[in-house]
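Each chain, written out:
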Amino acid sequence: MNPAPYVGRFAPSPTGPLHFGSLVAAVASFLDARTAGGRWLLRMEDLDRPRCEPGAADTILRQLEAYGLQWDGAMLQQSQRDDAYAAALDALKARGAAYPCACTRSQLAQAPRNHEGEIIYPGTCRDGLPPGAIARAWRVRVPDVSTRFHDRIHGDLEQNLANDVGDFIVRRADGLFAYQLAVVVDDAFQGITHVVRGADLLWNTPRQIYLQDLLDLPTPIYAHVPLITNAAGQKLSKQTLAPALPEAGRGAVLALALAVLGHPPPPELNNAGPAQLLAWASTHWRIEQVPLQPAIANAAP
Ligand code: GLU
């Protein structure tokens, strides 16, 4: 029998334990993969060493297992993948697509920002470093054209990278490879065909598609599930002090995650545990039912 063509993934950053927002993203990508008869891989995005919390990766594995979200095969760790990222950066350099940048954060503080609050790089070092300046980071040159892409939940979208992002960083001033580069290299390495992740990453997608084009890598099919915010409208995260997923009452938490994904379980599953809920959801999952709007986690623990 041929292996199923669908390969999905969950790619948490071990900056702390999983919270309700990360559970929602994990459940969505898990169900989408399982209902397609596909594989669901796990990638620990421990790229940004200074932001990683000791022990968080192990906690995440335990949390996924406790919520019935069993991944396939061996986990990939970004901290082990520097050689692959370096090779990709070399390929970008060889194409003349990457250039060194000497700008400091404070020099860019006044630059315009996009609707996500990110700095739009003004192109200061694009045509060469200013005299006497020292290269700090590497950026990739973006074209002044509109990139169209399709999201299974958000529909057809487009972004002009030059207007909305500017030349973006692929290797940071501290020597670490940037998320945008690592995610593209790893999605291709793991053979990912379908990315299902949180909507906070929706507008990262054109950057990733652009890098895939430059590096001759396939573009997966994307779907971005609603972001979970706290009552103040902030994304649940370590910075906004989102609580870790609870150890008790997992069924109720999972039922809530399914509800915000547009799949509220029926009342007869009120006291069901994770395995039963996921079994039900696997037979009912339709990505068309996932709402567009962010959800407020005020009922979440
Ligand atoms: N590591 C990222 C996060 O935890 C997710 C990356 C991705 O899914 O592309 O937000």
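Preceding this section is the structure that the text describes.
Residues numbered from 1 in each chain as written. Predicted model: local features only at pLDDT ≥ 70, side-chain atom pairs only at ≥ 80, totals over all residues. Heavy atoms only, no water.

Novice: What's the story with the site of the ligand in this structure? I'm lost.
Specialist: By nearness alone, every residue bordering the ligand is listed as Arg9, Ala11, Pro12, Ser13, Glu45, Tyr179, Val183, Arg197 and Leu201. Separating a nitrogen atom of the ligand from a side-chain N or O atom of Glu45 is a distance of 2.6 Å. Starting from 300 Å² of accessible surface for the ligand in isolation, the protein chains cover 79%. (Near = heavy atom within 4 Å. Polar contact = N/O pair within 3.5 Å; in protein donor to acceptor, adjacent residues only side chain to side chain. Areas by Shrake-Rupley, 256 points an atom, 1.4 Å probe, with all protein chains shown as cover.)

Novice: Whenever I open this one, helix H2 (residues 56-66) confuses me. Can you help?
Specialist: Think of an α-helix as turning once every 3.6 residues; residues three or four places apart then point the same way. For H2, every residue scored as buried is listed here: Ala56, Ile60, Leu61, Gln63 and Leu64. Axial view of H2: buried residues confined to an arc of 165 degrees, hence all on one face. Considering only its buried residues, H2 is in contact with strand E1 (7-10), helix H1 (20-35) and strand E2 (39-44). The first or second residue beyond H2 is Gly68, which carries a positive phi of 80 degrees. (Buried < 20%, exposed > 50% of the residue type's maximum accessible area, 1.4 Å probe, protein only. Helix = DSSP H or I, 4+ residues; strand = E, 2+ residues; numbered from the N terminus. Arc of directions from axis to C-beta. Contact = heavy atoms within 4.5 Å.)

Novice: Explain the sheet that holds strand E4 (residues 98-101) here, please?
Specialist: Strands pair in a sheet through their backbones, by hydrogen bonds, and they do so in one of two ways: parallel or antiparallel. What the three strands build is an open sheet, ordered E4-E5-E8; its pairing is antiparallel. In this open sheet, the two strands that pair with only one neighbour each are E4 and strand E8 (168-171). Shown here is a sheet whose adjacent strand axes are inclined to one another by a mean of 45 degrees, direction ignored. Across three bridges, strand E5 (residues 137-140) lies against E8 in antiparallel orientation. Counted as the bridge partner of Val140 is Phe168 from E8. Sitting on the sheet, helix H6 (residues 205-214) is in contact with E5 and E8, with an inclination near 55 degrees to E8. (Pairing = 2+ DSSP bridges. Axes fitted to C-alpha atoms, helices over the stretch in contact; angles between N-to-C directions.)

Novice: What is the right way to look at helix H3 (residues 82-94) in this model?
Specialist: Over its 13 residues, H3 runs 18 Å from end to end, which matches the ideal 18 Å to within 8%, given 1.5 Å per residue. Within the sequence span of H3, burial applies to Tyr85, Ala88, Leu89 and Leu92. Considered in projection along H3, the buried side chains sweep an arc of 100 degrees and stay on one side of the axis. Turned more than 90 degrees away from the buried face of H3 sit Asp83 and Ala94, all of them exposed. Looking at the buried residues of H3, the elements they touch are E4, E5, E8, helix H5 (179-189) and H6. At the exit of H3 stands Gly96, carrying a positive phi of roughly 70 degrees. (Expected span 1.5 Å × (residues − 1).)

Novice: Looking at this structure, how should I read the sheet that holds E1?
Specialist: Within the open sheet, the three strands sit side by side as E1-E2-E3. Their pairing is parallel. The open sheet is flanked by E1 and strand E3 (76-77), the only strands paired with a single partner. Where E1 and E2 come together, four bridges link them in parallel fashion. What sits directly across from Val7, in E2, is Arg39. Lying over the sheet, H2 contacts E1 and E2, oriented at roughly 155 degrees with respect to E2. Along the sheet, H5 contacts E1, E2 and E3; its crossing angle with E2, the most-contacted strand, is approximately 145 degrees.

Novice: Please clarify how the nonpolar core should be interpreted in this entry.
Specialist: One broad rule of soluble globular proteins: the nonpolar side chains tend to lie buried together. Membership of the largest hydrophobic core comes to 47 residues, with the highest contact counts inside it found for Phe20, Leu23, Trp40, Leu64 and Leu69. When contributions to this core are tallied by element, the ones reaching two or more residues are H1, E2, H2, strand E10 (221-225), helix H7 (250-260) and helix H8 (274-284). The greatest single-element share of this core, amounting to ten residues, is contributed by H1. Val140, Val142, Leu161 and Tyr210 belong to the second largest nonpolar core, which has 23 residues in total. (Core = buried A, V, L, I, M, F, W, Y, C linked by side-chain atoms within 4.5 Å.)

All quantities given are derived from atomic positions and should not be read as evidence of function.
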